[in-house]
There are 2 protein chains.
Amino acid sequence: MGKTKIPYKTYLTEQEMPKEWYNVRADMKTNHRPLLNPQTREPARLEELEAVFSTECSKQELNDADAYIEIPEEVREFYKMYRPSPLVRAYCLERYLDTPARIYYKFEGNNTSGSHKLNSAIAQAYYAKRQGLKGLTTETGAGQWGTALSMACGYFGLDLTVYMVRCSYEQKPQRKTLMTTYGANVIPSPSDTTEVGKRMLREFPNNTSGSLGTAISEAVEVAVKSGGARKYALGSVLNQVMLHQSVIGIESKRAMEKIDEYPDIIIGCAGGGSNLGGLISEFMRDKLKGKANPYVIAVEPMSCPSLTKGVFAYDYCDTGRVTPLAMMYTLGSGFCPSPSHAGGLRYHGMSPILSQLYRDGYIDEARAVNQIDVFDAATRFARVEGILPAPESAHAIKAAIDEAVKCKESGESKTILFGLTGTGYFDLYAYEKFLNGTLSDAPPSEAELARSENAIPKF
Amino acid sequence: MGKTKIPYKTYLTEQEMPKEWYNVRADMKTNHRPLLNPQTREPARLEELEAVFSTECSKQELNDADAYIEIPEEVREFYKMYRPSPLVRAYCLERYLDTPARIYYKFEGNNTSGSHKLNSAIAQAYYAKRQGLKGLTTETGAGQWGTALSMACGYFGLDLTVYMVRCSYEQKPQRKTLMTTYGANVIPSPSDTTEVGKRMLREFPNNTSGSLGTAISEAVEVAVKSGGARKYALGSVLNQVMLHQSVIGIESKRAMEKIDEYPDIIIGCAGGGSNLGGLISEFMRDKLKGKANPYVIAVEPMSCPSLTKGVFAYDYCDTGRVTPLAMMYTLGSGFCPSPSHAGGLRYHGMSPILSQLYRDGYIDEARAVNQIDVFDAATRFARVEGILPAPESAHAIKAAIDEAVKCKESGESKTILFGLTGTGYFDLYAYEKFLNGTLSDAPPSEAELARSENAIPKF
């Protein structure tokens, strides 16, 4: 860069925005273990996936041959409404920490859904539209994914039914209103609109607060029983989601090239893996091909420590055990993080792609962090960098600050890149608990972990 | 632009960002009528303003000589964290309306305060810091300004006390939490921390829901009684605020120059005037100097129609009648819009600068719109352009859509620029009312308007 100061924010031009997603599976060293049909325990075939997902998404789910897949023009046009997202040089955070590290973050929160989830939502909605489907179904917990898919379906004129975990539906009426504004039909789960829901209501009449597992089962049931008019969409874990989210990492890499930078350390929060998988994309390609060796850190909550405390095994993707089995790091599909955990990233498993990359050492480190520390990092970040981060994103902030402090101690001027996946505007109840001192953290005991893992199917 | 398509979003580079604010007063044809001391009814002197505002802000308030005033480097550095804001070509809205008009909007919502208010907040906080003040005081109704000033004070390490209208404090706990996260001390008004507040609580024990007028009086009282340690800050109406907000219009004009465009029509919502005053800035300079003649529309709510139904007169800036008198369009300082009005822009008066420009015909039209139409426009905009607008901004959207539809009817390809001042993430209760059909509008009756105007002081 010579004498030119690196700007606070680096944007690609629209011409520089990616025209293809990167499919890391094509370059992975270890053969990817396939999804298994839960009945036959044979690899899930295209026809089986097509019963649930749109045809193109089903093909993408199985594609481990093509390293690059074209982003349809209609999706690229939508991307241009809220992308490219900025690559931000965190000058103010660097000054605050007095660190020689150069800290960058890719900020995905500048859209109404408030997170990176929109990158995959618009792709899944587009393929559904192109296939002539009437609509989609999905589930949502906190509401980020449901909002993103509502926006995408609203844009393409698809109908959308969102099964929203009932306790979240009642706690976050704003999220429901937001989805409704974009035309979605939001139903608290468990509901009496599905067989699964009715059974849950009948069997557990005193426990109707719901779970992500039940909501998934309801959404899948409606899609499967729609006679082909509707399919189901999911916002994380799946290979197709990692594919669509690769736009984050491709943009990050190109933006860093523009300012003559390359990360020494890449940090992403990891729940189901959609953000971290997207952020590393082409950086991971460099690593798999031996061209570069950035140190990759996956940050997860101590309350839901799938990589740091889970086992690498075939397991169900949902609590209701209706989905295919995936080979992944898992705490057991019955695992439920402590109710005191407010910071998202509550999934019991981890993207099979990321699980394999971690298993093979390409993700160098998984780090579990305490949520008090996470909110402390979030608050400090907000005051110096201006943006109120989502609690999920704040896991990455916590690790980035720790790495920058290490640089101060060692005098090293490392380049750190982390993913700022979204904003915390709908998570202020959790910030309030942090500020008034009532936030706590309750990692699972060894006994709880063992009990949950014992339920993982044996082969 | 030749064959190159205009991008969805045009950003200035950091080098192209403005280094000076534009002070329209220096170019205005009619001498600006000064603020008056409410006791003496003589023009307010610098020393009188300094009792309330920081010294530099007081000087800016009185400055009608300098057309350009340097933006301090520290403020420009902060601007770089969330600016330049994008100039967006609304391709999707154009397609949806099937209009030959070219629609652009300057989007100011990509920061945690959610609106353009931060542009002035950071300037007022900087001057307070430079003067060695300990902190600032302010009031907030809906919370946008309070949030912006909280972020600004958090950044510079100033303390901040925000008097928040009590009914809003109780309805919007998230706004309070957000301000607290940035370090502000938020007090519901009326409170027992001031003489004014105690008097209100004593005199009206059954009506403690508060008003902006009382909150202003409390904030001013604390500043004035702080022995010079703290000063008061205000987010609209004032000349200094129009000055700081000029960054919106200067950026807009430069971005339009980059794509070889110039607006035929400029549309801004108008409450106290901070957004419209900022948006027009250098375009108004062209107009005052006869270089161009964009048609300028100020859009206000039918429920609070200061330009379309008010009178041009000296009036108090607050309900409590402690502030100086300003020459402006006003509905009377006792005017209060109907409780059914959810869309912001509730101020009884209008920036003296904008009032004079409207009086002199440089603001070509003031248009009052119904809030049902406003929310209808907001919802349609959200579905096609992706962004959920603030209700305030949606007033401008409504007018922009109407102008674009006129272009369709006439076949004219006009260039329309409007200000998208912010996002509606904390206004979902109002969207919910719109969606469920319980939103209504209740413009004031002629009798109500006459009663309120009768209370304007006579000269």
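Residues numbered from 1 in each chain as written. Chains lettered and ligands numbered in written order. Predicted model: local features only at pLDDT ≥ 70, side-chain atom pairs only at ≥ 80, totals over all residues. Heavy atoms only, no water.

Asker: I tried to follow the overall build of chain A on my own but got confused; where do I start?
Answerer: Of the regular secondary structure elements, chain A holds 18 helices and 15 strands. The C-alpha radius of gyration of chain A comes to 21 Å, within 12% of the 23 Å expected for a compact globule of 459 residues. In terms of its C-alpha atoms, chain A occupies a principal-axis envelope of roughly 65 × 50 × 45 Å. Going through the 459 residues of chain A one by one, you find that 66% of them count as buried. Summarising the internal contacts of chain A: among those between residues at least 6 apart in sequence, 76% fall at separations of at least 24. (Helix = DSSP H or I, 4+ residues; strand = E, 2+ residues; numbered from the N terminus. Rg over C-alpha atoms; globule rule 2.2 N^0.38 Å. Buried < 20%, exposed > 50% of the residue type's maximum accessible area, 1.4 Å probe, protein only. Contact = heavy atoms within 4.5 Å.)

Asker: Explanation requested: the packing of aromatic side chains in the structure shown.
Answerer: How two aromatic rings sit relative to each other is set out by the distance from centre to centre and by the angle between their planes. Residues and elements named next belong to chain A. Inspection of every chain in the model, using the stated rule, returns 38 aromatic pairs over all chains. Grouping aromatic residues by their ring pairs yields a cluster made of F78, Y79, Y82, Y126, Y127, Y155 and F156. Here the guanidinium or amino end of K5 rests over the ring plane of Y91, the centre of that ring lying 4.5 Å away. (Phe/Tyr/Trp six-rings, centres within 6.5 Å; stacked < 30°, edge-to-face > 60°. Lys NZ or Arg CZ within 6 Å of the ring centre and 35° of its normal.)

Asker: Looking at this model, I keep getting lost on the interface of chain A and chain B. Mind explaining?
Answerer: One frequently used descriptor of interface size is the decrease in accessible area upon assembly of the parts. If you look at the interface, chain A gives 42 residues, while chain B gives 42 residues. With both chains or domains summed, chain A and chain B bury close to 3,800 Å², and 56% of this area falls on carbon and sulfur atoms. Run the count over chain A and chain B and you get four salt bridges. Where chain A packs against chain B, one counts 23 residue pairs in polar contact (both at pLDDT 80 or more). Of all the elements in the fold, those that place two or more residues in the side of chain A that touches chain B are α3 (73-82), α4 (91-97), α6 (144-156), α8 (173-181), α15 (371-385) and α17 (428-435) of chain A. Top element by residues in the side of chain A that touches chain B is α8 of chain A. It accounts for six residues. (Buried area = accessible area lost by both parts, 1.4 Å probe. Salt bridge = Lys/Arg side-chain N within 4 Å of Asp/Glu carboxyl O. Polar contact = N/O pair within 3.5 Å; in protein donor to acceptor, adjacent residues only side chain to side chain.)

Asker: Sorry, what's going on with the packing of helix α2 (residues 55-62) of chain B against helix α5 (residues 118-130) of chain B here?
Answerer: All names here are of chain B. Two elements in contact, α2 and α5, have axes separated by 7 Å at closest approach and are oriented at 130°. Taken together, the axis directions place α2 and α5 in an arrangement best described as oblique. On α5, the residues touching E56, C57 and Q60 of α2 are Q124, Y127 and R130. Partitioning the contact of α2 with α5 into residue classes produces two nonpolar, two polar and two charged. (Axes fitted to C-alpha atoms, helices over the stretch in contact; angles between N-to-C directions. Parallel < 35°, antiparallel > 145°, perpendicular 65-115°, else oblique. Nonpolar A, V, L, I, M, F, W, Y, C, P; charged D, E, K, R; others polar.)

Asker: Which parts of the structure should I look at to understand the relation of the copies chain A and chain B?
Answerer: Look at the two chain copies: a rotation about an axis and a shift along it is all it takes to match them. Once turned by 180° and shifted 0.0 Å along the axis, chain A lies on chain B with an RMSD of 0.0 Å. Here the two chains are linked by the operation of a two-fold rotation axis. It is N110 of chain A whose C-alpha, among those of chain A, lies nearest the rotation axis, at 3.0 Å. Comparing interface residues between copies, 100% of those in chain A also sit at the interface in chain B, which points to an isologous, same-surface contact. (Least-squares fit on C-alpha atoms with pLDDT ≥ 70 in both.)

Asker: How do you make sense of the pattern of salt bridges when you look at a structure like this?
Answerer: Side-chain pairs of opposite charge can arise whenever the charged atoms involved come near each other. Under the counting rule described, the total for this entry stands at 60 salt bridges over all chains. One salt bridge connects E56 of chain A with R130 of chain A, and the closest N-O pair in it is separated by 3.3 Å. Taken as a pair, E56 of chain A in helix α2 (residues 55-62) and R130 of chain A in helix α5 (residues 118-130) lie far apart in primary sequence, 74 residues in all. The partner of K253 of chain B in a salt bridge is D286 of chain B, with the nearest N and O atoms 3.7 Å apart. In this pair, K253 of chain B is assigned in helix α11 (residues 239-258) and D286 of chain B in helix α12 (residues 274-288), connecting sequence segments 33 residues apart. Using a relative accessible area of 9% as the deciding quantity, one classes D286 of chain B as buried. One salt-bridge network, held together by shared partners, links R83, K106, E108 and E251 of chain A.

Asker: Where do I start with the packing of α8 of chain A against helix α17 (residues 428-435) of chain B in this structure?
Answerer: Two measures define how a pair of helices packs: the angle their axes make with one another and the distance between the axes. Where α8 of chain A meets α17 of chain B, the closest approach of the two axes is 9 Å, and the angle between their N-to-C directions is 50°. In terms of their interaxial angle, α8 of chain A and α17 of chain B are classed as oblique. Here α8 of chain A and α17 of chain B pass one another in a crossing that is left-handed. In this structure, α8 of chain A contributes Q174, K176, T177, L178, T180 and T181 of chain A to the contact, and α17 of chain B contributes L428, Y431, E432 and L435 of chain B. Split into classes, the residues belonging to the contact of α8 of chain A with α17 of chain B amount to four nonpolar, four polar and two charged. (Left-handed = near helix turned anticlockwise from the far one by under 90°.)

Asker: I would appreciate a short explanation of the pairing of strand β11 (residues 295-301) of chain B in the present structure.
Answerer: Across a regular strand the side chains alternate sides, sitting on one face of the sheet and then on the other. Residue and element names in this part refer to chain B. Of all the seven residues making up β11, six are buried; the element is thus mostly covered by neighbouring parts of the structure. Strand direction decides the pairing type here: strand β10 (residues 265-269) and β11, joined by five bridges, are parallel. Each residue of the ladder has a partner; that of G268, found in β11, is A298. Crossover handedness for the path β10 to α12 to β11: right-handed. Bridge count between β11 and strand β14 (residues 365-369): five bridges; the pairing is parallel. For V299, the partnering residue across the bridge sits in β14 and is R367. (Pairing = 2+ DSSP bridges. Right-handed = clockwise from strand over helix to strand, strands pointing away.)

Asker: Explain the sheet that holds strand β5 (residues 102-107) of chain A here, please?
Answerer: Backbone hydrogen bonds are what pair the strands of a sheet, in a parallel or an antiparallel way. Residue and element names in this part refer to chain A. Pairing is mixed in the open sheet, where seven strands are placed in the order β1-β4-β5-β15-β10-β11-β14. Each edge of the open sheet is held by one strand with a lone partner, namely β1 (9-10) and β14 (365-369). Relative to strand β15 (residues 415-420), strand β10 (residues 265-269) is paired through three bridges, and the arrangement is parallel. Paired with I267 across the two strands is F418, which belongs to β15.

Asker: I'm lost on the side chain of K106 of chain A in this one. Help?
Answerer: All names here are of chain A. Inspection of the secondary structure assignment puts K106 in strand β5. Residue K106 is classed as buried on the basis of its relative accessible area of 2%. Within the structure, the side chain of K106 is placed 2.7 Å from the backbone oxygen of S85, a separation counted as a polar contact. Within the local environment of K106, its side chain forms a polar contact with the side chain of E251, the two groups lying 2.7 Å apart. Sequence-distant contacts of K106, defined by excluding residues within four places in its chain, comprise R83, S85, P86, L87, I248, E251, S252, L279, L417, F418, G419 and L420.

All we've got here are geometric facts, nothing functional implied.
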